[in-house]
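Commentary on secondary and tertiary structure
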Amino acid sequence: MSLTTPTLHTSRLRLRPVANADADRLYAMHSSPLVMRYWDSAPWKERSRAELFIARCQKLADEGEGVRVAIDRASDGVFVGWGGLIEWDPDFRSASLGYCIEEAMWGNGYATEAMQALLGWGFDTLDLNRVQAEADTRNVASARVLEKVGFVREGTLREDCVVDGVVSDSWVYGLLRREWKPVSA
C-alpha cells in the first residue's frame, strides 16, 4: 500500500513532499561536519547523495514504508530541514521518527514545531500506537526536542554507532498514542 506524503502547515512552517529542487540544500546540510557530528553516518562527500536521498523519499512513500517531508519557513519559503516517519508497520501500528535541521535554523523551535505536526499526522492518518526515535547521547539538543514533543527515554544502545572510527551510544525514545498531547494551533 503506497502512502501520500502530506503537506502540513503550522504557524511558522510548511511541511511538504521532498522535491528535486531541494537537492542543493540537502547536500549543503548533510555535507556539514557540524550538522552531521551526531549522525549515524559521515557527512556526504558527493552531491549525488542528495539525489539518492530524494529518490529514497519517494520510494518510502511508494512502498508504504513511511514518509519524509521537507520543512520550509512559511513566511519566506526558506528551507529549514526535513523530518520523517519511516519503518511504518501497519500491523504493529508503529513507526520511527527522524529529522535533520539546517545549522542556521537551530535554536528557533522549528524542530519541535515540525515534529509536533508530523506526529499529529502520524497518529491521525497512520493510526500509530507507538513512535520510536533515537538520539546520540552527546546530542542534548535533539534529546530536548524529543522530550518536548512527549517522548520518554526508554534506554541506551551502548556503542551502537561507529562513524569515522568514533564509537558512540544512542538513547532510545518512545511515544505512545495514550501519552500523545497534540498542541493546538
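As a reminder, the structure under discussion sits directly above these lines.
Bear in mind the structure is a predicted one, so any value in this text is a computation, not a measurement. (Residues numbered from 1 in each chain as written. Predicted model: local features only at pLDDT ≥ 70, side-chain atom pairs only at ≥ 80, totals over all residues. Heavy atoms only, no water.)

Attention now moves to the layout of surface pockets. As a volume, the largest pocket reaches approximately 1300 Å³. In this structure, the largest pocket is lined by 49 residues; those nearest its centre are Trp39, Gly98, Tyr99, Glu134 and Ser142. Mapped onto the lining of the largest pocket, the elements with two or more residues apiece are helix 2 (48–62), strand 4 (79–89), strand 5 (94–101), helix 3 (110–125), strand 6 (130–136), helix 4 (140–148), strand 7 (152–163) and strand 8 (166–176). At 7 residues, the largest contribution of residues to the lining of the largest pocket is made by helix 4. Its residues placed into classes, the lining of the largest pocket shows 24 nonpolar, 14 polar and 11 charged. (1 Å grid on protein atoms, 1.4 Å probe; cavity = no way out; pocket = protein on both sides within 12 Å on 5 of 7 lines; lining within 4 Å. Points joined across faces, edges and corners; volume = space filled by probe spheres on them. Helix = DSSP H or I, 4+ residues; strand = E, 2+ residues; numbered from the N terminus. Nonpolar A, V, L, I, M, F, W, Y, C, P; charged D, E, K, R; others polar.)

Along strand 4, 8 of the 11 residues are buried, which leaves the element largely enclosed by surrounding structure. Across 6 bridges, the pairing between strand 3 (residues 67–73) and strand 4 is antiparallel. Along strand 4, the bridge assignment pairs Val67 with Leu85. Remark: 5 residues form the turn of the hairpin made by strand 3 and strand 4, two consecutive strands paired antiparallel; Gly77 in that turn has positive phi of roughly 75 degrees. Relative to strand 5, strand 4 runs antiparallel, the two sharing 7 bridges. By the bridge assignment for strand 5, Ile86 is matched with Ser96. If you look at the hairpin formed by strand 4 and strand 5, you'll find 4 residues sitting between the two strands, and Arg93 has a positive phi there, around 55 degrees. (Buried < 20%, exposed > 50% of the residue type's maximum accessible area, 1.4 Å probe, protein only. Pairing = 2+ DSSP bridges.)

This part takes up unusual backbone geometry. Most of the time, phi is negative for any residue but glycine, and the peptide bond is trans. In this structure, Glu87 is a non-glycine residue whose phi angle is positive, near 55 degrees. By the element assignment, Glu87 lies in strand 4. By relative accessible area, which is 55% here, Glu87 ends up exposed. Residues other than glycine seldom take positive phi values, yet Glu159 does so here, at roughly 45 degrees. Structurally, Glu159 is set in strand 7.

So, on to the packing of aromatic side chains. According to the stated counting rule, one finds 4 aromatic pairs in the structure shown. Relative to Trp82, the ring of Trp39 has its centre 6.1 Å away and its plane inclined at 80 degrees; by these criteria the two rings are edge-to-face. One end of the pair, Trp39, is in the loop between helix 1 (23–30) and helix 2; the other, Trp82, is in strand 4, and 43 residues separate them in sequence. Residues Trp44 and Phe53 carry aromatic rings whose centres are separated by 6.0 Å and whose planes lie at 55 degrees to one another, so their mutual orientation is tilted. Of the two residues examined, Trp44 and Phe53, each falls in the buried class. (Phe/Tyr/Trp six-rings, centres within 6.5 Å; stacked < 30°, edge-to-face > 60°.)

For the rest of this paragraph, the subject is the sheet that holds strand 1 (residues 8–9). The strand order 1-2-3-4-5-6-8-7 describes an open sheet built from 8 strands, whose pairing is mixed. Across the chains shown, the open sheet's two edge strands, defined by having one partner strand only, are strand 1 and strand 7. Bridge analysis of strand 2 (residues 13–17) against strand 3 gives 5 bridges, and the strand direction is antiparallel. The residue bridging Leu13 from the neighbouring strand is Arg73, located in strand 3. Running at roughly 120 degrees to strand 3, helix 2 makes contact with strand 3 and strand 4 of the sheet. (Contact = heavy atoms within 4.5 Å. Axes fitted to C-alpha atoms, helices over the stretch in contact; angles between N-to-C directions.)

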